[in-house]
Amino acid sequence: MQLQEKQAWFVVSLIALCLCLFIPLGIMRGFNHGAGVFGLMGLTGFLPIWALMERRRGKIIFDERDNAIARTAGIVGYSIFWLVFVGAGMIPWVILGDNAVIPVKMLPVAVLFAWVVLQSARAIATLVLYHRGRADDGGDHG
Amino acid sequence: MAATMAKAPVLTNRIRQLRFEHDEMTQQELADRVCVSRQTIIALEINKYVPSLALAFRIARVFKLTIEQVFEFGESLKP
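Residues numbered from 1 in each chain as written. Chains lettered and ligands numbered in written order. Predicted model: local features only at pLDDT ≥ 70, side-chain atom pairs only at ≥ 80, totals over all residues. Heavy atoms only, no water.

Draft legend 1. A nonpolar patch on the surface, seen in detail. Residue and element names in this part refer to chain A. Together, Y78, W82, F85, V86, M90 and W93 give the surface a local cluster of nonpolar side chains, amounting to about 660 Å² of exposed area. Among the secondary structure elements, W82 is positioned in helix α4 (residues 64-96). Among the residues examined, W82 registers a relative accessible area of 43% and is labelled partly exposed. (Patch = residues over 30% accessible without salt bridge, like charges linked within 9 Å, V, L, I, M, F, W, Y side chains within 5 Å. Areas by Shrake-Rupley, 256 points an atom, 1.4 Å probe, with all protein chains shown as cover. Salt bridge = Lys/Arg side-chain N within 4 Å of Asp/Glu carboxyl O. Helix = DSSP H or I, 4+ residues; strand = E, 2+ residues; numbered from the N terminus. Buried < 20%, exposed > 50% of the residue type's maximum accessible area, 1.4 Å probe, protein only.)

Encoded structure:
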């Protein structure tokens, strides 16, 4: 498994863990407190260190196919993020009207969730793209 | 309106066959010699990835052949 794929699995697992903790915590202590579990996403800051460790082991961690997958996944991630971003901006307008007020505390939450959407869409796209090239894996490991 | 038929480029290769003809070279050995991962060689062999020109040249050189002897370019009709 390529490093980029491992990292995508890590991000997807982390988001799943955050969601699993967010829902019960939100129910028990209120969703304002529950959103704090997304601080776990800060662990993605270790991904570049992971890459450095793999490189020290002498592995080829990023070749031209990885680059192509990263580019496509980035486009998919950004497209989905943009759809969600525009939807999140326009739907409240439709529901609440143009005179409604949104609390300032919603701004960092909106940025956080936008980042989570972008990361998760990119990670899932990465996993799908790697999976496509693996239909025959396992035949000759040599 | 008449349906249009676009020609999709298809690049096939003989990498798997050539590896076996060259002392049963493993995917990892070939990957190391052309500086890519084994997963990329797997994707190439099953025609799931189209290599760059540079990688195609490197692979052909490993087998001491020309690009045309390793890769075959065709076009398939797709609606």
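There's more to say after this.
Draft legend 2. How the structure looks around helix α5 (residues 106-132) of chain A. With 27 residues, α5 of chain A extends 39 Å between its outermost C-alpha atoms, agreeing within 8% with the 39 Å of an ideal straight helix rising 1.5 Å per residue. In this fold, the buried residues of α5 of chain A make contact with α1 (3-29) and α4 of chain A. (Expected span 1.5 Å × (residues − 1). Contact = heavy atoms within 4.5 Å.)

Draft legend 3. Summary view of the interface of chain A and chain B. Between chain A and chain B, the residue contacts involve 16 residues of the former and 22 residues of the latter. Both faces combined, the contact of chain A with chain B buries some 1600 Å², and carbon together with sulfur accounts for 49% of it. The tally of links between chain A and chain B comes to 0 salt bridges. Taken together, the connections running from chain A to chain B amount to 4 residue pairs in polar contact (both at pLDDT 80 or more). Here the element with the most residues in the side of chain A that touches chain B is α4 of chain A; it accounts for 3 residues. When grouped by side-chain class, the residues that make up the side of chain A that touches chain B number 4 nonpolar, 4 polar and 8 charged. (Buried area = accessible area lost by both parts, 1.4 Å probe. Polar contact = N/O pair within 3.5 Å; in protein donor to acceptor, adjacent residues only side chain to side chain. Nonpolar A, V, L, I, M, F, W, Y, C, P; charged D, E, K, R; others polar.)

Draft legend 4. Structural detail: the nonpolar core. If you look at the biggest cluster of nonpolar residues, it comprises 20 residues, and the most contacted ones within it are I15, L30, V34, I59 and F63 of chain B. Element by element, the count of residues in this core is highest for helix α4 (residues 53-62) of chain B, at 5 residues. F22, V37, L47 and V116 of chain A belong to the second largest nonpolar core, which has 14 residues in total. (Core = buried A, V, L, I, M, F, W, Y, C linked by side-chain atoms within 4.5 Å.)

Draft legend 5. Representation of unusual backbone geometry in the model. All names here are of chain B. The backbone phi angle of C35 is positive, close to 60°, even though this residue is not glycine. When you line up the elements, C35 lands in the loop between α2 (27-34) and α3 (38-45). On the accessibility criterion, C35 (53% relative accessible area) is exposed. Even without a glycine there, the phi angle at K64 is positive, about 55°. Relative to the assigned elements, K64 resides in the loop between α4 and α5 (67-70). What makes K64 exposed here is its relative accessible area of 72%.

Draft legend 6. Layout of the side chain of T44 of chain A. Residues and elements named next belong to chain A. Its place among the elements puts T44 in the loop between α2 (31-34) and α3 (47-56). Note on T44: relative accessible area 11%, which makes it buried. A polar side-chain atom of T44 sits 2.6 Å from the main-chain carbonyl oxygen of M41.

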